[in-house]
2 protein chains.
Amino acid sequence: MSDTWIEEIHKNEMRFGFRYTEKLFSGQSEFQKVEVVDTPCLGRVLLNDGLFMVSDKDEFAYHDMITHVPLYTHPNPKNVLVIGGGDGGTAREVLRHKSVEKCTMVEIDAMVVDACKEFIPITAQVFSHPKLDLKIDDGVKFVAETNEKFDVIIVDSTDPIGPATPLFGIEFYQNVFKCLSDDGIVVSQGESAFYEPDIQASLLKIKSEVFPMTSLYNFANMTYPGGFWSFTFASKKYHPIKNFDTERVKEDDLKFKYYNSSIHIGAFALPQFMKDRLNPYIKGFEC
Amino acid sequence: MSDTWIEEIHKNEMRFGFRYTEKLFSGQSEFQKVEVVDTPCLGRVLLNDGLFMVSDKDEFAYHDMITHVPLYTHPNPKNVLVIGGGDGGTAREVLRHKSVEKCTMVEIDAMVVDACKEFIPITAQVFSHPKLDLKIDDGVKFVAETNEKFDVIIVDSTDPIGPATPLFGIEFYQNVFKCLSDDGIVVSQGESAFYEPDIQASLLKIKSEVFPMTSLYNFANMTYPGGFWSFTFASKKYHPIKNFDTERVKEDDLKFKYYNSSIHIGAFALPQFMKDRLNPYIKGFEC
């Protein structure tokens with residue numbers, strides 16, 4: 001067993017990493033470097049451009065929280081769009097909801113999908129699901145051009161560098177608004193309050209300029225810098241706490257590993273330094 | 001500016017660290033190695049035996065949450081005991097509560113106190129407070145021998161290696177129970193659900209064998225492995241949510257940076273994998 005570490009360095013000030021025993025895949029796509037390594041700590045780990053994306057051990061935290069908060073806020077989500085999410089974990093969770101008739105997933109990078117199909121089956125198992133419509137395409141172009149309406153849109157993107165940059169702009173969210181049904185909800189990967197406070201605030205600001213109701217909720221995983229991460233939430237009609245039906249979660253009994261009714265509500269409780277910074281962009285919440 | 005990193009390695013599987021520009025202090029006490037470094041990411045950082053303890057930038061998260069959750073659960077905390085907490089941050093927060101008449105702090109290692117007095121004034125400022133009774137002594141011995149009764153006891157300890165090991169045993173908590181008033185509360189550093197699940201469970205188990213009401217709450221900081229950390233909570237009488245008076249927080253208006261009424265409640269919402277593991281040791285909570 002070799003003693004080799006793979007590390008992510010944040011602004012040349014903080015770094016963290018995991019010992020890996022094998023590099024299973026390494027490729028350079030049109031968009032980014034894609035790697036899969038095997039680690040004692042996390043099992044298999046996907047990296048895009050050297051940044052940790054998803055791991056066997058903790059993927060449940062991210063995928064539960066990006067998916068079930070909006071899908072249990074909307075009372076009857078039938079048509080769901082996932083932008084990005086190339087590992088498949090978000091689409092997998094979307095398709096556990098019995099109300100969902102179709103999940104469209106628009107991932108820009110086929111190499112991510114192919115690498116996960118081969119090496120990360122825990123998330124990529126979804127790619128054979130009959131209700132999944134996988135498109136290898138640009139999500140920005142897709143929301144600009146489609147005439148379809150979605151009940152929930154999930155923006156499961158990397159950080160605003162490389163191919164994901166336009167996903168952090170206002171034009172994109174204006175098109176997301178257009179593609180959402182009249183009671184639609186959008187949730188997006190929302191960055192770290194400790195390590196990327198400016199990007200976090202700017203993303204919520206953009207949503208607050210487009211949507212009547214916006215907030216942010218936190219969760220924790222093992223693979224992102226600092227572990228303490230967020231999703232931004234924007235909605236045309238439904239409030240994620242006031243309109244949340246805990247009975248539906250109980251009846252479905254989907255045996256989640258991270259999500260439950262308490263954490264759905266508790267995750268919106270923000271530490272004061274986040275409230276102070278984000279308050280101008282939080283709309284329709286008593287914050 | 002040198003390019004030198006100080007790192008914490010977890011079980012030879014995960015590591016994380018910060019670039020430091022200067023080593024301000026390094027000493028070997030009777031109990032442990034004590035270091036203070038200056039970093040661009042976190043400001044000044046205290047390390048005991050190579051483990052990150054506290055930093056200028058994020059100390060507010062830990063100290064707010066270890067202190068204000070029990071002190072705002074107890075309706076009138078007058079006499080408070082802090083075991084450990086050598087940097088002073090916990091005692092500093094305790095003494096912001098106007099009901100508190102005395103805060104006794106029992107820290108085993110004078111070198112930690114002295115290093116913080118010299119290099120980490122943000123927390124060590126408390127050491128001149130007239131209501132603070134600082135004892136350089138063994139906290140285990142102190143709770144075994146004292147006849148004093150405390151309304152709240154805070155166990156602000158390192159991990160169960162080195163001098164802190166007995167603070168994770170049942171005899172210690174039997175003595176803590178004895179030293180608490182009839183409506184007393186104890187909160188302890190509770191480890192990481194991701195990286196130390198076994199220690200976390202065993203500490204909560206011990207408390208559940210001694211106290212009628214036990215649970216655990218989470219918070220996030222930047223200096224501990226994974227960032228997602230917990231405190232265990234045990235109480236003789238008061239429930240931290242049912243008996244929590246949000247009006248008192250509002251009236252005091254102490255301008256916290258992490259703590260607020262929402263996060264006091266939300267922090268007790270546990271992800272499902274924590275509930276599943278800790279459920280046998282959670283008492284008096286609908287979990």
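What you see is a predicted model; the values in this text were computed from it and never measured.

Asker: An account of the overall build of chain A is requested, with residue identities and associated values reported.
Answerer: A count of helices and strands for chain A gives ten helices and 13 strands. Oriented by its inertia axes, the alpha-carbon framework of chain A measures out at about 55 × 45 × 35 Å. Classification of the 287 residues of chain A by burial places 53% in the buried group. Long-range pairs, those at least 24 residues apart, make up 66% of the contacts in chain A with a sequence separation of at least 6.

Asker: Explain the packing of helix H6 (residues 170–179) of chain B against helix H7 (residues 197–210) of chain B residue by residue, including any values.
Answerer: Residues and elements named next belong to chain B. It is at 9 Å that the axes of H6 and H7 come closest, and there the two elements cross at 45 degrees. In terms of their interaxial angle, H6 and H7 are classed as oblique. Regarding H6 and H7, the two cross each other, and that crossing is right-handed. Taken together, the residues of H7 that come into contact with H6 (itself represented by Ile170, Tyr173, Gln174 and Phe177) are Ile206, Lys207, Glu209 and Val210. Among the residues forming the contact of H6 with H7, the class breakdown is five nonpolar, one polar and two charged.

Asker: Tell me about the sheet that holds strand S3 (residues 22–28) of chain B, and please be specific about residues and values.
Answerer: Residue and element names in this part refer to chain B. Read from one edge of the open sheet, four strands run S3-S4-S5-S6, paired in antiparallel fashion. Looking along the sheet, the strands with just one partner apiece sit at the ends: S3 and strand S6 (51–55). On average, each strand axis in the sheet is inclined to that of its neighbour by 20 degrees, with strand direction left out of account. Pairing between strand S4 (residues 33–39) and strand S5 (residues 43–48): six bridges, direction antiparallel. Looking across to S5, one finds that glutamate 35 is bridged to leucine 47.

Asker: Break down the relation of the copies chain A and chain B for me, with residues and values.
Answerer: Note on the copies: chain A fits chain B at an RMSD of 0.0 Å, the axial shift is 0.0 Å, and the rotation between them is 180 degrees. Considering both components of the superposition, the chain copies are consistent with a two-fold axis.

Asker: Talk me through the interface of chain A and chain B; I want residue IDs and the actual numbers.
Answerer: Of the residues lining the interface, 33 residues belong to chain A; the matching set on chain B comes to 32 residues. With six residues, the single largest contributor to the side of chain A that touches chain B is strand S2 (residues 14–20) of chain A. Tallied by class, residues from the side of chain A that touches chain B come to 20 nonpolar, eight polar and five charged.

Asker: Pulling in residues and values, what's your account of the pairing of S4(B)?
Answerer: All names here are of chain B. Burial runs high along S4: five of the seven residues are buried. In terms of strand pairing, S3 meets S4 through six bridges, oriented antiparallel. Paired with lysine 23 across the two strands is valine 37, which belongs to S4. Taking the residues between adjacent antiparallel strands as the criterion, S3 and S4 are bridged by four residues. The loop that links S4 with its antiparallel partner S5 comprises three residues.

Asker: Before we move on, can you summarise the pairing of strand S7 (residues 79–84) of chain A with the specific residues and values?
Answerer: Residue and element names in this part refer to chain A. For S7, a buried count of five out of six residues is recorded, marking the element as mostly surrounded by other parts of the structure. As paired strands, S7 and strand S8 (residues 102–107) are joined by five bridges and run parallel to one another. Residue pairing in the sheet places valine 80 in a bridge with cysteine 103 of S8. Considered for its hand, the β-α-β crossover made up of S7, helix H2 (residues 89–94) and S8 is right-handed. Here S7 runs beside strand S10 (residues 150–156); their pairing, made up of five bridges, is parallel. Looking at the pairing, isoleucine 83 lines up with valine 155 of S10.

Asker: Provide a residue-level description of helix H3 (residues 110–119) of chain A, including the pertinent values.
Answerer: Three or more residues of H3(A) are buried, namely Met111(A), Val112(A), Val113(A), Ala115(A) and Cys116(A). Residues of H3(A) that are buried in the fold lie against strand S3 (22–28), strand S4 (33–39), strand S5 (43–48), S8 and helix H4 (121–124) of chain A.

Asker: Provide a residue-level description of the nonpolar core, including the pertinent values.
Answerer: Core analysis: the biggest nonpolar cluster contains 172 residues, and Met65(A), Ile153(A), Met65(B) and Ile153(B) have the highest contact counts within it. Those residues in contact with Met65(A), other than ones at most four positions away along the chain, are Phe219(A), Phe231(A), Tyr258(A), Tyr259(A) and Ala267(A).

Asker: Mind laying out unusual backbone geometry, listing which residues take part and the relevant values?
Answerer: Excluding glycine, residues mostly have negative phi values, and the peptide bonds linking residues are mostly trans. All names here are of chain B. The phi torsion at aspartate 253 lies on the positive side, around 50 degrees, for a residue other than glycine. Tracing the sequence through the fold places aspartate 253 in the loop between helix H8 (246–252) and helix H9 (261–266). Residue lysine 255 is not a glycine yet carries a positive backbone phi of 55 degrees. Mapping lysine 255 onto the fold places it in the loop between H8 and H9.

Asker: So what about the sheet that holds strand S13 (residues 228–235) of chain A? Which residues, and what values?
Answerer: All names here are of chain A. Taken in spatial order, the seven strands of this open sheet run S9-S8-S7-S10-S11-S13-S12, and their pairing is mixed. Unpaired on one side and paired on the other, strand S9 (132–136) and strand S12 (213–220) mark the two borders of the sheet. Pairwise comparison of adjacent strand axes, ignoring direction, gives a mean angle of 15 degrees for this sheet. In terms of strand pairing, S12 meets S13 through eight bridges, oriented antiparallel. Bridge pairing in S13 links serine 215 to phenylalanine 233. Against the sheet, helix H6 (residues 170–179) contacts S10 and strand S11 (180–189), and its axis sits at roughly 140 degrees relative to S11.

Asker: Residues and numbers for the domain arrangement of chain A, please.
Answerer: Residues and elements named next belong to chain A. You can read the domains of chain A as domain 1 (4–55) and domain 2 (59–281). With 23 residues of domain 1 in contact, the opposing surface of domain 2 contributes 21 residues. Counting only elements with at least two residues in the side of domain 1 that touches domain 2, the list comes to strand S1 (4–10), S2, S3, S4, S5 and strand S6 (51–55). Here the side of domain 1 that touches domain 2 gets five residues from one element, more than from any other, and that element is S6. For the side of domain 1 that touches domain 2, the residue count by class is 14 nonpolar, six polar and three charged.

Asker: Lay out the environment of Phe233(B) with the relevant residues and their values.
Answerer: Residue and element names in this part refer to chain B. Within the fold, phenylalanine 233 resides in strand S13 (residues 228–235). A sequence separation of 18 residues divides phenylalanine 233 from serine 215, and the C-alpha atoms of the two residues are 5.2 Å apart. Contact partners of phenylalanine 233, with chain neighbours within four places excluded, come to Val187, Thr214, Ser215, Leu216, Tyr217 and Pro240.

Conventions and cut-offs
Residues numbered from 1 in each chain as written. Chains lettered and ligands numbered in written order. Predicted model: local features only at pLDDT ≥ 70, side-chain atom pairs only at ≥ 80, totals over all residues. Helix = DSSP H or I, 4+ residues; strand = E, 2+ residues; numbered from the N terminus. Buried ≥ 20, exposed ≤ 12 C-beta atoms within 10 Å, placed from the backbone. Contact = placed C-beta atoms within 7 Å. Axes fitted to C-alpha atoms, helices over the stretch in contact; angles between N-to-C directions. Parallel < 35°, antiparallel > 145°, perpendicular 65-115°, else oblique. Left-handed = near helix turned anticlockwise from the far one by under 90°. Nonpolar A, V, L, I, M, F, W, Y, C, P; charged D, E, K, R; others polar. Pairing = 2+ DSSP bridges. Least-squares fit on C-alpha atoms with pLDDT ≥ 70 in both. Right-handed = clockwise from strand over helix to strand, strands pointing away. Core = buried A, V, L, I, M, F, W, Y, C linked by C-beta atoms within 7 Å. Domains from an automatic or database assignment.

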